[in-house]
Amino acid sequence: MICGIDLGTTHSLIGVVEAGFPILLADESGSRLTPSAVYFPADAAEPPRVGAAALRQRVLDPGRTVTSVKRLMGQPGRVGPRAMRPEEIAALILGRLKAVGEAAMGEPLTRAVITVPAYFNDSQRAATKRAGERAGLVVERILNEPTAAALAYGLDKLDERSRVAVYDLGGGTFDISILELRSGVFEVLSTAGDTRLGGDDIDEAVVAHLQARLGEPADAPARARLWEAAIAAKHALSTVDTHRVQLPFYRGTESVELELTRAELEALAGPVVDRTRACCRRALADAGLPAADLDEVILVGGATRMPLVRRVAAEVFGREPNISQHPDEAVALGATIQAGILEGSLRQILLLDVTPLSLGLETFGGLMNVIIPRNTTIPCKAGELFTNAVPNQESMLVRVLQGEREMARDNWELGQLAIDFQPGPKGSARVGVQFEIDQNGLLRVLARDTRTGTDRVLEIRNTAVDVDDARVEEMIAASLDHAFDDMRERVFTEARQKAEELLPAVDQALAAAGSAVAEMDRAAIEAAAAETRAALEAGEAARLKAAVTALDRATEHLAAVLVDRALEESLQRRGIL
Ligand code: ADP
Ligand code: MG
C-alpha cells in the first residue's frame with residue numbers, strides 16, 4: 001500500500017486508497033489535519049511532540065516549538081532548540097503522519113507519494129525525499145502540489161491540451177500555477193507566488209483589530225486566547241455574516257466581547273488578498289496565456305474558504321472558480337490518487353503518466369535487460385552501452401522488449417533493430433542504445449555505434465504506454481508467479497556466462513604457468529574448476545554461482561603470477577631487466 005502525503009507549511013495530511021477510493025486518515029481525535037509543528041521538551045531525553053500537541057505546548061513555551069519548517073527545506077542551517085536540520089524536523093512530521101496512518105489502517109505504511117510546491121528546486125525536493133526516508137518511508141514519487149490538486153479535481157479527465165490555473169492560498173504561502181494537460185500528463189507552464197503571504201497575515205490583521213478594540217491582553221495565556229479567538233472568528237465568517245468574539249477573564253476578572261462582521265473582516269483581509277493579484281497576472285504572462293484561454297480555475301488551501309478570496313480569484317481570472325473540492329484536503333487527496341495509480345488500485349479510472357510495464361532489450365544469454373523500469377514517469381530517457389560478445393562480430397540484433405519477466409523470451413517483443421559492428425576483438429565495439437518515451441507515449445529506440453557515428457532509429461507508437469489493463473495485470477501476475485524460477489534462471493544464466501568465460505581461461509593459464517603455481521594452489525584451482533563443471537552439468541543456479549565465485553577467488557593468485565611473469569618477459573625483451 002502506498003500512502004499520499006501533503007507536507008504543508010501549516011498543516012499536513014495523509015491518505016490511502018481503500019477499496020478503490022482515496023480516503024484521508026484521521027488521528028485519534030478525529031482530525032485529518034496535523035499541524036506541521038514540532039515541540040522539543042526541555043529535557044533532551046524526552047521525545048519531540050508533533051502536531052496538535054506541539055501547538056498546545058507553544059502557548060506555554062513558545063521558544064521550543066518549531067513551525068513552518070517547510071520554508072527552510074533544502075537549506076543548510078539548523079533550527080529549533082535542538083539545532084536540527086530542516087529535513088530532520090520534517091522527518092518528525094512525516095513520522096507522525098505515518099503513525100496516524102498506521103493506527104487508522106492497522107498495518108505498516110512504508111511507501112509514500114509526497115507533494116512539494118511546483119517551484120521547489122532539486123535540492124528542496126531531494127531534502128523532502130530524504131525527510132521521508134528518515135521517517136522510514138520509501139518515497140515513490142515527489143509530486144507537484146498543483147498537479148495533485150488537479151488530480152483531486154478530476155481534471156486529468158479533461159480534453160487534450162486543457163489549461164488550468166491552481167490558486168493555492170495556505171497559512172503562510174501563496175502559490176499560483178498554470179498547468180497544461182496533455183495526454184493525461186500535467187506539465188507546469190508557469191508558477192508564481194509569495195512565500196510570505198497567507199492566512200497567517202489575515203490572522204495578524206484581525207488580532208491587531210481586536211486588540212485596538214479590546215485592549216492589550218494581560219499576559220501570555222490571554223494573548224494566546226486572543227489569537228485563537230481571532231482565527232476562530234475568521235473561520236466562522238467564511239460561512240456566517242456576523243460572529244461574536246468572547247474572551248472570558250481577558251484582563252484578570254474582566255471579560256470582554258464584541259461582534260465582528262464579514263464586511264469588517266474583509267476590510268482587514270483585503271490588502272492581504274489583493275497581493276495575490278499581481279502573482280496571478282505574472283503567472284499568466286509567463287505561461288503566455290490570456291486568462292480567457294484557461295479551461296478551469298481551481299482553488300486550494302484553507303484560506304480559499306473565504307468568500308473574499310473566491311471573489312478576488314474570480315475577478316483576476318474572469319471566471320467563477322471551481323470549488324468542488326475541500327480546499328485544505330485537495331492536495332493530499334491528489335497525492336493519494338497518485339499513490340493509488342502507482343500501486344495499481346486506481347488504474348482503471350485514471351490516465352497514466354507512467355510506463356505500465358518495463359521496457360528493455362535482450363542481452364547475452366537471453367536475459368531481459370531493463371532500460372526503463374515499470375512506473376517511470378514519462379517523458380523519460382535512459383540508455384546503456386553495449387559491446388560485441390565475440391571477436392569480429394559483425395552485427396547485433398536489438399530486440400526491444402516489454403514486460404516484467406527475467407528471461408527475454410517471456411516478455412513481449414515490440415520491435416527489432418540491427419546494428420553493425422566494426423570487426424574487432426571481443427569487447428572492442430561501443431554501441432550506445434537509448435530509449436526515449438515522449439509525452440505522447442511514443443518510444444524511440446536509438447542505437448549508435450560510437451566508433452563510426454552511425455545511427456539506427458526505431459520508432460514504436462503507443463505500445464510503450466497504451467497497454468490493455470488486463471494484459472498489464474496478467475504480465476505482473478505472471479512475473480510474481482514465476483518470480484523464484486525466473487530469478488533462478490537469471491542467476492544460472494549469468495553464472496553460466498561467467499563460467500564459460502572463466503573455465504577455458506583457467507585451463508590455459510594453468511598450462512602456461514607450469515611450475516610457477518604451487519602444487520597446492522594447482523590442486524585447489526582444479527577442484528574449483530571441477531565443481532564449476534559439475535554445477536553447470538547439474539543446472540543448479542545457486543551452486544553454480546558459488547562455484548564460479550570460488551573459482552574466481554582460487555585463481556586470483558594464479559592471475560597475479562601470470563601478470564608478473566608477462567611483465568617480466570616484456571621488460572626482458574626490451575632489455576630493461
Ligand atoms: P498550508 O498548505 O500552508 O499548510 P492550509 O491549506 O492548511 O495551509 O491553509 C491553512 C490556512 O487556511 C490557515 O491560515 C487557516 O486559518 C485557513 N483556513 C482554514 N479554514 C478556514 C476557513 N474556514 N476560513 C478561512 N480560512 C481558513
Ligand atoms: Mg498546502
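Residues numbered from 1 in each chain as written. Chains lettered and ligands numbered in written order. Predicted model: local features only at pLDDT ≥ 70, side-chain atom pairs only at ≥ 80, totals over all residues. Heavy atoms only, no water.

## Overview of the overall build of the protein chain
Where we set the bar: Counting from the N terminus, the helices are the DSSP runs of H or I reaching at least four residues and the strands are the DSSP runs of E reaching at least two. Put simply, the radius of gyration uses C-alpha atoms, and a globule should come to 2.2 Å times the residue count raised to 0.38. For every residue, the accessible area obtained with a 1.4 Å probe (protein chains only) is divided by the maximum for its type, and the residue is called buried under 20%, exposed over 50%, and partly exposed between those limits.
The secondary structure content of the protein chain amounts to 14 helices and 23 strands. Rg of the C-alpha trace for the protein chain: 32 Å, well past the compact-globule value of 25 Å for 577 residues, more than 25% over. Each of the three principal axes of the protein chain carries a C-alpha extent, and together these read 105 × 55 × 50 Å. In the protein chain, which comprises 577 residues, the share counted as buried stands at 49%.

## Description of the domain arrangement of the protein chain
Heads up, the condition is: In this entry, domain limits derive from an automatic or database-based domain assignment. Whether two residues touch is decided by their heavy atoms; if any such pair falls within 4.5 Å, the residues are in contact. Accessible area, probed at 1.4 Å, shrinks when two parts are joined; the buried area is that loss added up over both. We define a salt bridge as a contact between a side-chain nitrogen of Lys or Arg and a carboxyl oxygen of Asp or Glu at a distance within 4 Å.
Taken domain by domain, the protein chain holds domain 1 (2-198 + 272-352), domain 2 (199-269), domain 3 (357-458) and domain 4 (476-573). The C-alpha-based centres of domain 1 and domain 2 are spaced at 28 Å. With 16 residues of domain 1 in contact, the opposing surface of domain 2 contributes 12 residues. Interface area lost by domain 1 to domain 2 is led by Val 59, Val 272 and Met 306, which between them contribute 41%. At the boundary of domain 1 and domain 2, one finds one salt bridge. The partner of Glu 266 in a salt bridge is Arg 311, and the shortest N-O contact between them spans 2.9 Å. Every element with two or more residues in the side of domain 1 that touches domain 2 is listed here: α7 (262-287) and α8 (307-317).

## Quick notes on the packing of helix α5 (residues 199-214) against helix α6 (residues 220-236)
Operational definition: Axis angles are defined between N-to-C directions and span 0 to 180 degrees, where every axis is a line fitted to C-alpha atoms and, for a helix, only to the segment in contact. Helix crossings get a hand from a simple test, with the near helix turned counterclockwise from the far one by less than a right angle marking a left-handed crossing and a clockwise turn marking a right-handed one. Polar here means any residue other than Ala, Val, Leu, Ile, Met, Phe, Trp, Tyr, Cys and Pro, which are nonpolar, and Asp, Glu, Lys and Arg, which are charged; Gly is therefore polar.
Interaxial distance between α5 and α6 falls to 9 Å at its minimum, and their mutual angle equals 115°. For α5 against α6, the interelement crossing comes out right-handed. Between α5 and α6, the residues in contact are Gly 199, Ile 202, Asp 203, Glu 204, Val 206, Val 207, Leu 210 and Gln 211 and Arg 223, Leu 226, Trp 227, Ala 230, Ile 231 and Lys 234, respectively. Of the residues that constitute the contact of α5 with α6, the class distribution is eight nonpolar, two polar and four charged.

## Quick word on the site of ligand 1
Rules: We define proximity as follows: a residue is near a molecule or strand when any one of its heavy atoms falls within 4 Å of that partner. Under the rule applied, a polar contact is a pair of N or O atoms within 3.5 Å (in protein, one hydrogen donor and one hydrogen acceptor; residues adjacent in sequence only if both atoms are side-chain atoms). Values of accessible area rely on a 1.4 Å probe in the Shrake-Rupley scheme; residue burial ignores everything except the protein chains shown.
Taken together, 16 residues lie around ligand 1, and Thr 10, His 11, Lys 234, His 235 and Ser 238 are the ones closest in. One of the side-chain nitrogen or oxygen atoms of His 11 is found 2.7 Å away from an oxygen atom of ligand 1. A distance of 3.1 Å separates an oxygen atom of ligand 1 from a polar atom in the backbone of Gly 171. Starting from 580 Å² of accessible surface for ligand 1 in isolation, the protein chains cover 90%. Of all elements in the fold, only α5 and α6 reach the threshold of two or more residues within the shell around ligand 1. Looking at the shell around ligand 1 residue by residue, the class counts come to two nonpolar, 11 polar and three charged. Shared between two domains, the shell around ligand 1 holds at least three residues of each, these being domain 1 (2-198 + 272-352) and domain 2 (199-269).

## Remarks on a negative patch on the surface
To keep it simple, the criterion reads: Patch definition: residues above 30% relative accessible area lacking any salt bridge, with like charges linked at up to 9 Å and the nonpolar side chains Val, Leu, Ile, Met, Phe, Trp and Tyr linked at up to 5 Å. None of His or the chain ends enter the tally, which takes Lys and Arg as positive and Asp and Glu as negative. Think of each charge as sitting on NZ of Lys, CZ of Arg, CG of Asp or CD of Glu.
A surface patch of negative charge is lined by Asp 159, Glu 160, Asp 293 and Asp 295. The topology assignment puts Asp 293 in the loop between α7 and β15 (296-300). Under the relative-accessibility criterion, Asp 293 is labelled partly exposed at 37%.

## Regarding the sheet that holds strand β7 (residues 65-67)
Inclusion rule: Note on pairing: two strands pair once DSSP finds at least 2 bridges between them.
Taking strand neighbours across the sheet as the criterion, the three strands line up as β6-β5-β7 in an open arrangement whose pairing is antiparallel. Looking along the sheet, the strands with just one partner apiece sit at the ends: β6 (49-50) and β7. Taken together, the two bridges between strand β5 (residues 37-39) and β6 define a ladder with antiparallel strand orientation. In the strand pairing of β6, Val 38 is matched with Val 50.

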